[in-house]
Amino acid sequence: VELAGILQVLGSKVDLFIRGATPLRSMESDVVERLVGEMEAAGITIVRGEAEAISGDAASKTVVLKDGKGERGGYGQVLFATGREPVTGSLDLPAAGVETAPSGHIVVDAASRTSSEGVYALGDVIGRIDLTPTAIAAGRLLSDRLFGGASEADTLMDYDFVPTVVFSHPPLAVCGLTEAEAIARHGPDAVAVHKSTWVNMLYSREFLVDGQHMPKTFAKLVCVGPEQRVVGLHMIGLAVDEILQGFALAMKMGATKADFDSVVAIHPTSSEELVTIPPWQAKYSLRPDAYTPSYEEEPVPAKAR
């Protein structure tokens with residue numbers, strides 16, 4: 001997905017072959033659907049089918065699809081993004097007493113310990129979250145424990161609410177549970193969703209040129225429970241990759257929809273949209289001792305009465 005956007009911007013005619021109905025199937029469907037729409041609007045062709053063979057020569061190549069879905073030709077280059085598998089087979093890990101899963105991933109506990117005493121594993125090879133910053137964070141924690149005297153309780157890697165960005169065109173930024181995952185974990189009655197769609201101010205009329213495409217930015221909050229704790233944030237649009245980091249921090253600290261709403265918006269920015277998504281919730285209205293004002297009087301928190 002990322003390379004497709006880069007090559008298209010550089011002037012190549014790009015077809016993106018995907019095995020399923022959509023790319024990035026594990027991510028929030030609302031943002032993925034919008035990404036597909038933006039990619040197609042930019043001129044990228046989405047081809048649903050899996051390659052079985054490639055024929056042709058250096059000048060022109062043809063991709064033959066599986067299951068009799070035909071072929072597509074005329075390609076100057078064909079690039080593969082075949083996924084990642086751990087290269088552990090050549091290490092003879094059983095000889096060291098290190099257990100591996102059928103997938104080849106190394107089995108570890110919450111403290112990154114393998115089944116062999118004194119042997120630790122982290123990063124892509126354990127099959128949790130295949131991101132370089134995740135491996136760095138886990139490695140720092142393990143080093144602090146093994147060599148810095150930190151306690152095990154303080155150095156366990158937390159794999160929840162890991163912010164993730166796809167540098168597509170436009171970028172996609174996600175953190176936490178998708179709506180479907182939240183419903184599966186907490187039940188449909190406990191899940192509330194809040195969405196916002198807007199056009200980035202980069203496309204205000206002062207900066208427009210004739211025929212310029214104006215992609216919209218989209219954000220979705222997935223909330224759980226009567227307090228509406230934010231357990232999922234999913235965005236697509238300009239600069240969402242820069243926006244996500246701070247909001248991921250708030251989510252790890254247990255921020256609720258009311259906490260988001262209590263923040264004064266920075267105008268004009270895209271990030272202000274995340275703290276102004278209706279319906280607005282006053283923070284004090286969610287406390288057990290909350291005072292509920294009538295429509296005839298000014299709202300007064302219970303603490304101030």
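A short tour of the structure in this document, coming up. (Residues numbered from 1 in each chain as written. Predicted model: local features only at pLDDT ≥ 70, side-chain atom pairs only at ≥ 80, totals over all residues. Heavy atoms only, no water.)

1. Remarks on unusual backbone geometry
And step 1. The omega angle of the peptide bond from His 169 to Pro 170 is 0°, so this bond is cis rather than trans.
And step 2. In this structure, Pro 170 sits in the loop between β6 (164–166) and β7 (172–176).
And step 3. Geometrically, the link from His 267 to Pro 268 is a cis peptide bond, its omega value of 0° lying close to zero.
And step 4. Relative to the helices and strands, Pro 268 is located in the segment after α6 (257–262).
And step 5. Phi at Gln 228 is positive, roughly 55°, even though this residue is not glycine.
And step 6. As for its placement among the helices and strands, Gln 228 is situated in the loop between β9 (216–224) and β10 (229–236).
And step 7. A residue is classified by how much of its surface remains accessible, and Gln 228, at 15% relative accessible area, is buried.
And step 8. Of note in the backbone geometry, Ala 239 takes a positive phi value of approximately 70° without being a glycine.
And step 9. Structurally, Ala 239 can be placed in the loop between β10 and α5 (240–252). (Helix = DSSP H or I, 4+ residues; strand = E, 2+ residues; numbered from the N terminus. Buried < 20%, exposed > 50% of the residue type's maximum accessible area, 1.4 Å probe, protein only.)

2. Overview of the environment of Thr 217
And step 1. Within the element layout of this structure, Thr 217 appears in strand β9.
And step 2. Overall, Thr 217 belongs to the buried group, its relative accessible area being 1%.
And step 3. For Thr 217 and Pro 163, which are 54 residues apart along the polypeptide, the C-alpha to C-alpha distance reads 18 Å.

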